[in-house]
Amino acid sequence: MVAPNWLGDAVMAQPAIADVRNARPGAAIVVAARASVAPLFSLVREVDEVVVLPRRGPYPLGGSDVALLLPNSFHSALMTARAGVRERWGYRTDWRGLLLTRAVGRPPALTHQIDSYQHLVRSLGFSNGATAPALEPKPECRAAGAEALTRAGWNGQTPLVAIAPGAAFGSAKRWPPSAFAELADGLAEDGVNVVLVGAEADRGTASDVTRSLTRRSAVLDLVGRTDIPTLAGVLLNCRALVGNDSGALHLAAALGVNVTAPFGPTDERTNAPRPRPASPEPRAAILTHQVWCRPCWLRECPLDHMCMRGIAAADVLAATRRML
């Protein structure tokens, strides 16, 4: 199985992976993934083995009987064919139909990403089960997260809320750093420690947040200091996460953590996190500011970024407080 290239998409693929496992309990499910997302699959119990795909060169899939392609790219189909995998299944997209042995037509445009992955496996003969991602980290994962938090200055008792101010796709998806800072200040007034999380690439955005804070002592900075399993452990020690439409947001929701998210250029109808139904209370709050140009799906905003700037920090703070 070839995994999606983005962390959030990889999380949203978990229900489809579970569908394959439920239908073929005796099969060996090997996930081939980019190095940036491969560690996620240590949290997916349905996966037997993970193969890291090289940045260049052939896919190491020669021993596989069937390759289920979750990315829709021509490149993934071409490299899987070159690897000698006899059966190659996926969506008929990006001019790759002739490279697939079983090609499935795409679902309607406004299908949620989770449902799109499950539509693919259902069309291939696998019955669908649960429709919300559910990750199952090992017990030591939470302990590793607590250790990272302690090194960052947590006393082990003060309640925590994680903030993920970055977004790998582009700046258009990012709520303004000043708004995140206002949110953090409000949480600090409630006696909550804020934990900044993200990849090393998010360092600049996180620095913009910390420069805008008025209560710096209340923030623990773990940006660029965790791999995916450790980040999962950090989130399991938090009461909630507030973040953009990003991998961290979907990871938190799949772990059962409450999430609050401002959505702007992307469409919440297809990309909002779908939290686990672990309690009767709402587990996800999605905030938007309706302007004529959203959702535009652009990496950078060519206008005034009002879809994100129009979401008030006070509203995000109130939604997060309700989660707590």
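Here we summarise the structure given alongside this text. (Residues numbered from 1 in each chain as written. Predicted model: local features only at pLDDT ≥ 70, side-chain atom pairs only at ≥ 80, totals over all residues. Heavy atoms only, no water.)

### Considerations on the pattern of salt bridges
Link 1 in the chain: By the definition in use, this model includes 12 salt bridges.
Link 2 in the chain: Here Arg86 makes a salt bridge to Glu87, at a shortest N to O gap of 3.6 Å.
Link 3 in the chain: You can call Arg86 exposed: its relative accessible area is 57%.
Link 4 in the chain: Across the salt bridge formed by Asp190 and Arg321, the nearest N and O atoms sit 2.7 Å from each other. Remark: Arg321 occurs in helix 12 (residues 313-323) and Asp190 occurs in the loop between helix 6 (177-189) and strand 7 (193-196); sequence separation between them is 131 residues.
Link 5 in the chain: Of the residues examined, Arg321 reaches a relative accessible area of 39% and is grouped as partly exposed.
Link 6 in the chain: A single network of salt bridges, built from pairs that share partners, joins Arg45, Glu46 and Glu136. (Salt bridge = Lys/Arg side-chain N within 4 Å of Asp/Glu carboxyl O. Buried < 20%, exposed > 50% of the residue type's maximum accessible area, 1.4 Å probe, protein only. Helix = DSSP H or I, 4+ residues; strand = E, 2+ residues; numbered from the N terminus.)

### Some details on helix 6
Link 1 in the chain: In a regular helix each residue adds 1.5 Å, so 13 residues correspond to 18 Å; helix 6 covers 19 Å between its end C-alpha atoms and thus fits that length.
Link 2 in the chain: Against strand 6 (160-164), strand 7, helix 7 (203-211), strand 9 (240-243) and helix 12 lie the buried residues of helix 6.
Link 3 in the chain: Just beyond helix 6, the residue with positive phi is Gly191, at close to 80°. (Expected span 1.5 Å × (residues − 1). Contact = heavy atoms within 4.5 Å.)

### Some remarks on the layout of surface pockets
In this approach a probe as big as a water molecule rolls over the atoms, and the regions it shows empty are the leftover space.
Link 1 in the chain: In this structure, the largest pocket encloses a volume near 1300 Å³.
Link 2 in the chain: For the lining of the largest pocket, the elements supplying multiple residues, two or more each, are helix 1 (7-12), helix 4 (113-123), helix 8 (228-236), helix 9 (247-254) and helix 10 (268-271).
Link 3 in the chain: Of all the elements, helix 1 adds the most residues to the lining of the largest pocket, at 4 residues.
Link 4 in the chain: Of the residues that constitute the lining of the largest pocket, the class distribution is 25 nonpolar, 17 polar and 7 charged.
Link 5 in the chain: Quantified by volume, the second largest pocket comes out at close to 430 Å³.
Link 6 in the chain: For the second largest pocket, the lining is made up of 17 residues, of which Met1, Ala27, Ala28, Ile29 and Val66 are closest to its centre.
Link 7 in the chain: Mapped onto the lining of the second largest pocket, the elements with two or more residues apiece are strand 1 (30-34) and strand 3 (66-68). (1 Å grid on protein atoms, 1.4 Å probe; cavity = no way out; pocket = protein on both sides within 12 Å on 5 of 7 lines; lining within 4 Å. Points joined across faces, edges and corners; volume = space filled by probe spheres on them. Nonpolar A, V, L, I, M, F, W, Y, C, P; charged D, E, K, R; others polar.)

### With respect to the sheet that holds strand 5 (residues 102-104)
Sheet strands pair via backbone hydrogen bonds, and the direction of the pair is either parallel or antiparallel.
Link 1 in the chain: The strand order across the open sheet built from 3 strands is 3-4-5, with neighbouring strands paired in parallel fashion. Strands at the two margins of the open sheet, each flanked by one partner only, are strand 3 and strand 5. Direction aside, the axes of adjacent strands within the sheet are offset by 10° on average.
Link 2 in the chain: Pairing of strand 4 (residues 87-91) with strand 5, which is carried by 3 bridges, proceeds in the parallel orientation. Bridged to Tyr91 within strand 5 is Val104. (Pairing = 2+ DSSP bridges. Axes fitted to C-alpha atoms, helices over the stretch in contact; angles between N-to-C directions.)

### A look at the sheet that holds strand 9
Link 1 in the chain: Pairing is parallel across the open sheet formed by 6 strands, whose spatial order is 8-7-6-9-10-11. The open sheet has two edge strands with one neighbour each: strand 8 (219-221) and strand 11 (284-287). Direction aside, the axes of adjacent strands within the sheet are offset by 20° on average.
Link 2 in the chain: Examined bridge by bridge, strand 6 and strand 7 share 4 bridges and lie parallel to one another. By the bridge assignment, Ala162 is partnered in strand 7 with Val195.

### Some thoughts on the side chain of His112
Link 1 in the chain: Within the secondary structure, His112 sits in the loop between strand 5 and helix 4.
Link 2 in the chain: A residue is classified by how much of its surface remains accessible, and His112, at 6% relative accessible area, is buried.
Link 3 in the chain: Of the polar contacts made by the side chain of His112, one reaches the backbone oxygen of Ala272; its length is 2.8 Å.
Link 4 in the chain: Among all residues touching His112, those that are not within four sequence positions of it are Met12, Arg269, Thr270, Asn271, Ala272 and Arg274. (Polar contact = N/O pair within 3.5 Å; in protein donor to acceptor, adjacent residues only side chain to side chain.)

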